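Fold and geometry: a report
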Amino acid sequence: MSDDRNIDFVLRTVEKRDIRFVRLWFTDVLGTLKSFSISAEDLEEAFEEGIGFDGSSVEGFVPLEESDMLAIPDPTTFQILPWKSADGVSARVICDICTPHREPFEGDPRGCLRKQFATLEEKGYVANVGPRIEYFYFGDDKDPRFQQPLPIDYAGYFDLTSTDSSSGLRRSTTMMLERMSVPVEYTFHSSAPSQSAVELRYAEALTAADNIITARHVIRAVAHEHNLFASFMPKPLTDQSGSGMFLYSSLFDREGTNLFWGPKAGESAGAEAHLSDLASHYVAGILKYAPEFTLITNPTVNSYKRLTPDGEAPAYATWGVKNRTALVRIPMHKPGKHQSTRVELRSPDPAANPYLAIAAMLGAGLRGIEEGLPLPEQMNAELLSLSPAELARRGVVALPRTLGEAVERFQGSEAMHDIFGDHIVDYLAEAKRREWEEYCSVVSEWELQKYYAGI
């Protein structure tokens with residue numbers, strides 16, 4: 001459907017449903033959802049000319065002297081919001097951010113992913129992505145910044161018990177998402193107490209990122225309705241597993257054929273996993289550039305409390321079929337279901353900006369294809385239990401262990417400057433370096449217990 005037809009459909013729907021206000025959504029560079037409302041009468045003008053706003057007030061956009069920006073609504077993202085406000089029925093549209101001259105703004109995360117997706121299309125590839133998002137429900141939504149996390153249940157992985165009080169929340173979330181045309185594959189209770197997961201159905205990369213943004217908002221809205229708080233903090237509980245945002249990806253040609261499947265033949269490292277040569281290069285690219293894009297997929301100090309060698313999350317740039325501690329896992333598919341061949345990136349966490357995280361994954365994979373990178377041998381859990389020195393002798397590269405290390409790897413990467421542009425790289429490096437330095441200067445409860453009386 002052309003943009004003009006999409007716009008006509010939106011305008012007719014707004015009139016037919018008597019929608020008075022439309023919310024324009026976008027994210028800042030850090031991934032925080034931003035929104036402002038316009039009246040339904042101004043929507044047509046917004047499609048044609050955009051709506052101006054002060055970009056200097058948005059994290060990572062522009063300085064005060066260059067503050068004028070335009071939000072251009074994407075009509076394909078129009079959805080009626082599944083909850084009613086005091087003003088009646090309202091809707092949302094996700095926007096692309098442009099300069100006053102209607103040129104794509106280099107600091108727009110959605111525009112960054114759109115550019116990466118377009119590059120793949122030019123080479124004959126269509127990128128599909130399916131995300132699985134883990135998160136926690138905690139009791140009492142009254143300013144959770146000043147409260148200890150209080151789990152609402154103590155159920156475990158896939159548990160169906162009376163103690164899983166979050167099942168109703170997940171059901172309500174699924175119904176709301178599907179009313180917003182965000183199809184849910186399945187939901188379940190995850191491993192830790194009060195931890196849930198939602199897996200969204202595959203979509204083209206840009207739509208997949210839009211769906212993640214929508215899902216995070218809906219999850220929080222449903223929790224708030226029940227006086228609870230939904231947290232996407234990577235590791236809120238010290239003695240429990242953290243939350244990931246696992247990204248499944250595959251490349252198709254224009255005829256809809258999955259290019260990642262290969263016959264189980266040949267001597268390449270990926271043949272055993274039914275990976276084509278193209279898929280093997282794609283995975284090799286992710287392995288090579290993961291240490292450089294980890295700041296994108298794991299953007300907070302807390303992210304690195306999850307990425308530890310003794311945990312279930314990856315700590316090294318490795319791949320495997322059955323090994324869930326690998327950075328990239330190749331899920332098994334049913335016999336004859338070649339179209340479902342995909343790779344799973346397991347390092348991202350739900351604090352990441354999904355537009356940038358998916359752009360990093362696709363950009364690294366594409367570089368692996370263009371450079372013809374060979375896929376190393378897969379690593380099983382037994383090999384990963386070797387000492388860091390032994391792993392290094394085998395050529396296994398560790399992911400950054402701290403936010404500070406991730407910042408340095410990211411800012412010094414030529415590939416990251418190429419994928420994201422100088423604006424996003426320089427802003428993120430500066431902002432996250434300040435965050436790391438602030439964290440390093442704070443005296444923690446652990447330090448007081450460890451050293452206060454014992455030195």
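In what follows, the structure referred to is the one given above.
Conventions used here
Residues numbered from 1 in each chain as written. Predicted model: local features only at pLDDT ≥ 70, side-chain atom pairs only at ≥ 80, totals over all residues. Heavy atoms only, no water. Helix = DSSP H or I, 4+ residues; strand = E, 2+ residues; numbered from the N terminus. Buried < 20%, exposed > 50% of the residue type's maximum accessible area, 1.4 Å probe, protein only. Axes fitted to C-alpha atoms, helices over the stretch in contact; angles between N-to-C directions. Parallel < 35°, antiparallel > 145°, perpendicular 65-115°, else oblique. Left-handed = near helix turned anticlockwise from the far one by under 90°. Contact = heavy atoms within 4.5 Å. Expected span 1.5 Å × (residues − 1). Phe/Tyr/Trp six-rings, centres within 6.5 Å; stacked < 30°, edge-to-face > 60°. Salt bridge = Lys/Arg side-chain N within 4 Å of Asp/Glu carboxyl O.

Next up on the list: unusual backbone geometry. Even without being glycine, R102 reaches a positive phi, approximately 65°. Within the fold, R102 resides in the loop between β6 (90-98) and α3 (109-122). Positive phi, close to 60°, is recorded for N227, a residue that is not glycine. You can see N227 is positioned in the loop between α5 (205-225) and β11 (228-231). Looking at N227, the relative accessible area reads 48%, which means it is partly exposed.

Take the packing of helix α6 (residues 277-297) against helix α11 (residues 403-411) next. Two elements in contact, α6 and α11, have axes separated by 8 Å at closest approach and are oriented at 120°. With respect to α11, the element α6 is oriented oblique. In the packing of α6 onto α11, the handedness of the crossing is left-handed. Two secondary-structure elements touch here, α6 through P291, E292, L295 and I296 and α11 through L403, A406, V407, R409 and F410.

This brings us to α5. Between the first and last C-alpha of α5 there are 30 Å, a value that for 21 residues agrees with the 30 Å anticipated at 1.5 Å per step. Most of α5 is tucked away, with 15 of its 21 residues classed as buried. Of the residues flanking the end of α5, it is N227, one or two places downstream, whose phi is positive at about 60°.

Attention shifts here to the packing of aromatic side chains. Taken as a whole and assessed by the stated rule, the structure comprises 10 aromatic pairs. Centroid distance F260 to Y282: 4.9 Å. Interplanar angle 55°. Geometry classified as tilted. Of this pair, F260 sits in the loop between β12 (245-252) and α6 while Y282 sits in helix α6, and the two are 22 residues apart along the sequence. As far as the burial class goes, F260 and Y282 line up, both buried. Judged by centre distance (6.1 Å) and plane angle (50°), the ring pair of F410 and F420 falls under tilted. Of the two residues, F410 sits in helix α11 while F420 sits in helix α12 (residues 414-441), which places them 10 residues apart along the sequence. In terms of burial, F410 and F420 fall into one category: buried.

A few words now on the pattern of salt bridges. Applying the stated criterion across every chain, the model contains 18 salt bridges. Across the pair D418 and R367 runs a salt bridge, and its minimum N-O distance is 3.1 Å. One end of the pair, D418, is in helix α12; the other, R367, is in helix α8 (residues 354-371), with 51 residues separating them in the sequence. We note a salt bridge from R394 to E390, for which the minimum N-O separation is 3.4 Å. Overall, the relative accessible area of 24% leaves E390 in the partly exposed class. Among the charged side chains, a salt-bridge network with shared partners connects D74, D96, R110, R114 and D210.

Any functional reading would require information beyond the geometric quantities listed.
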